[in-house]
Amino acid sequence: LLSKGETHNGKYFKNFSKNELLSLAYTQESFGFFEKDLCNKVIEYCNKASELDQGNFYVGYLKGLTFRKMGIEKKDTIYYKKAIEEFDNALKIKSHLEAELYVQLGFTYFKLGRPEKTEENYTKAINSYRFEDSLGSFEMERLQIPYYMHRAAFYKVTGQEEKSLQDLNKIEEIEKGLRGE
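Note on numbering: residues in each chain are counted from 1, in written sequence order. Confidence filtering applies because this is a predicted model: local features only for residues at pLDDT of at least 70, side-chain atom pairs given and counted only at 80 or more, and all residues used for totals across whole chains, interfaces and linings. Hydrogens and waters are ignored; side-chain quantities use all the structure's heavy atoms.

Describing the pattern of salt bridges
It is possible for side chains of opposite charge to pair when their charged atoms get near one another. Let me state the cut-off plainly: The working definition used for a salt bridge is a side-chain nitrogen of Lys or Arg within 4 Å of a carboxyl oxygen of Asp or Glu. The helix and strand labels rest on DSSP assignments: H or I over at least four residues marks a helix, E over at least two residues marks a strand, and numbering proceeds from the N terminus. Relative accessibility thresholds used throughout: buried, under 20% of the residue-type maximum; exposed, over 50%; partly exposed, between the two (1.4 Å probe, protein chains only).
Inspection of every chain in the model, using the stated rule, returns 13 salt bridges. We note a salt bridge from Asp 167 to Arg 151, for which the minimum N-O separation is 2.7 Å. In this pair, Asp 167 sits in helix H9 (residues 161-179) while Arg 151 sits in helix H8 (residues 145-157), placing the two residues 16 residues apart along the sequence. Judged by relative accessible area, Arg 151 falls into the buried class, the value being 12%. Glu 161 is the salt-bridge partner of Lys 156, the closest N and O atoms lying 3.1 Å from each other. Taking the relative accessible area as the measure of exposure, Glu 161 reaches 42% and is therefore partly exposed. Each of the salt bridges in this network shares a partner with another, and the network as a whole consists of Lys 41, Glu 44 and Lys 48.

Observations concerning the confidence of the model for the protein
What counts is decided by this rule: A score between 0 and 100, pLDDT records how confident the predictor is in each residue. We call two residues contacting when some pair of their heavy atoms lies within 4.5 Å.
With 86% of its residues at a pLDDT of 70 or more, the protein shows a mean pLDDT of 88. No element of the protein has a lower mean pLDDT than strand S1 (residues 7-8), at 48, and none a higher one than helix H2 (residues 39-52), at 97. Within the model, the stretch residues 2-8 combines pLDDT values under 50 with 17 contacts to residues more than four positions away or in other chains.

Have a look at this one:
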């Protein structure tokens, strides 16, 4: 979850309260349960984590992934709707993983047959990186490549070949810029 020197919601590891640390511990356990397909345990531990720290971004993220997994397994849209609710809750908490949340929302909307919301969220993922950083423009754009790829794939499977090609061309442009061409 966090390694030495990393921050969570702007705090360094040593500045966490006891409840925040316990919340992160429950979240860490939840990730293990998720990998073992123990969905009910994930939800249980995430709920415990949330009780300790409502500002724990990973709770909404992981519950969203879990509910979507349950929707896929049970072929029940109610779980997709719960996943969207959890991803939206996580977006309310400031995190460096905002773009990832938009991708997860996009994929979940795709599973619900909502292409307009899929495209909207993939575009938000791309636009969530701000270029006010000290890194150069192409270096920052490099971080957008996976999100352009998600959107290009979405366009491809929905028959929007021209839009898919535009995103693939943008990726090539970014890569050329990184190589100094």
